[in-house]
Amino acid sequence: MQKQGAPAGAILPQWLSGYAFLFPSARDLDRARQLASGAAPVTLAYNPTDATARLVAERIAVNAREAGLVVRPAAEGPPAAARILRSRVATPDLGQGLSLVATGASVGSPESAYAAERALLQDHRIVPLFHLPEIYGLGPRVRGWAPSRWGSWKLDSVWLAP
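In this report, the structure presented in the accompanying data block is examined. (Residues numbered from 1 in each chain as written. Predicted model: local features only at pLDDT ≥ 70, side-chain atom pairs only at ≥ 80, totals over all residues. Heavy atoms only, no water.)

## A short note on the overall build of the chain
Line of reasoning, step 1. Tallying secondary structure elements over the chain gives 5 helices and 7 strands in all.
Line of reasoning, step 2. From first element to last, N terminus to C terminus, the chain shows the α and β order β-α-α-β-α-β-β-α-α-β-β-β.
Line of reasoning, step 3. The principal-axis extents of the C-alpha atoms in the chain amount to approximately 65 × 40 × 30 Å.
Line of reasoning, step 4. In the chain, which comprises 162 residues, the share counted as buried stands at 23%.
Line of reasoning, step 5. Residue pairs in contact within the chain that sit at least 24 positions apart in sequence constitute 64% of those at least 6 positions apart.
Line of reasoning, step 6. Of the roughly 11300 Å² of accessible surface on the chain, a fraction of 56% belongs to carbon and sulfur atoms. (Helix = DSSP H or I, 4+ residues; strand = E, 2+ residues; numbered from the N terminus. Buried < 20%, exposed > 50% of the residue type's maximum accessible area, 1.4 Å probe, protein only. Contact = heavy atoms within 4.5 Å. Areas by Shrake-Rupley, 256 points an atom, 1.4 Å probe, with all protein chains shown as cover.)

## Here we look at unusual backbone geometry
Line of reasoning, step 1. You will see that lysine 3, though not glycine, has its phi angle at about 60 degrees, which is positive.
Line of reasoning, step 2. Mapped onto the secondary structure, lysine 3 falls in the segment before strand 1 (6-7).
Line of reasoning, step 3. Residue class for lysine 3 comes out exposed when judged on its relative accessible area of 83%.

## Section: the packing of aromatic side chains
Line of reasoning, step 1. According to the stated counting rule, one finds 3 aromatic pairs in the structure shown.
Line of reasoning, step 2. With 5.4 Å between their ring centres and 80 degrees between their planes, tyrosine 19 and tyrosine 114 make a pair best called edge-to-face. Pair noted here: tyrosine 19 is in the loop between helix 1 (14-17) and helix 2 (29-36) and tyrosine 114 is in helix 5 (residues 110-122), with a separation of 95 residues, a long-range link.
Line of reasoning, step 3. In this structure tyrosine 114 comes out as partly exposed when scored by relative accessible area, which is 23%.
Line of reasoning, step 4. Joined through ring pairs, the aromatic side chains of Tyr19, Phe23 and Tyr114 make up one cluster. (Phe/Tyr/Trp six-rings, centres within 6.5 Å; stacked < 30°, edge-to-face > 60°.)

## Here's the deal with the nonpolar core
Line of reasoning, step 1. In this structure, Ala10, Ile11, Leu12, Leu16, Tyr19, Ala20, Phe23, Leu94, Leu98, Ala113, Ala116 and Leu121 together form the largest nonpolar core, which totals 12 residues.
Line of reasoning, step 2. Those elements giving two or more residues to this core turn out to be helix 4 (94-99) and helix 5.
Line of reasoning, step 3. Top element by residues in this core is helix 5. It accounts for 3 residues.
Line of reasoning, step 4. Membership of the second largest hydrophobic core comes to 9 residues, among which are Leu44, Ala53, Val56 and Ile84. (Core = buried A, V, L, I, M, F, W, Y, C linked by side-chain atoms within 4.5 Å.)

## Description of the pairing of strand 2 (residues 42-46)
Two faces, one strand: in a regular strand the side chains alternate between the faces of the sheet.
Line of reasoning, step 1. Bridge analysis of strand 2 against strand 3 (residues 71-75) gives 5 bridges, and the strand direction is parallel. Looking at the pairing, leucine 44 lines up with proline 73 of strand 3.
Line of reasoning, step 2. A crossover links strand 2 with its parallel partner strand 3, the connecting element being helix 3 (residues 51-66), and its sense is right-handed.
Line of reasoning, step 3. Bridging between strand 2 and strand 4 (residues 82-83) involves 2 bridges; their strand directions are parallel. Bridge assignment links alanine 45 to a residue of strand 4, and that residue is arginine 83. (Pairing = 2+ DSSP bridges. Right-handed = clockwise from strand over helix to strand, strands pointing away.)

Next comes the structure, spelled out in structure tokens:
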């Protein structure tokens, strides 16, 4: 991600949850080799219209090969063992952020959010890869640009200066 993203061990980023640092995100090649020993090849699906997802899938395949696991990136279509899913945090609310990933996740406090997120990650059905900030670049002629803090765009007041 061009050194813009941060490796993730948690579903929600640290700035939202306050507890993401409790989920390990460090690379452990020895443990990966141990888990991959004797594993069958894995097909990793990605959205064929998403060039970034394809690149991420290819990078995962390279890293998995280091651990002795064969990962075959493939455009979505035939059934795959895993798939890449991009999720955007569009709310400052901890519960809503977690419910974007897990329908029905009951979150009333940071402690319950941590417990819910830990439960989601425990069976490895969800594997967070990285958190990537959104960055906007505007030309000097753009006026009225005021996205909300949580990313929604209000384009009704945007105009170009002559």
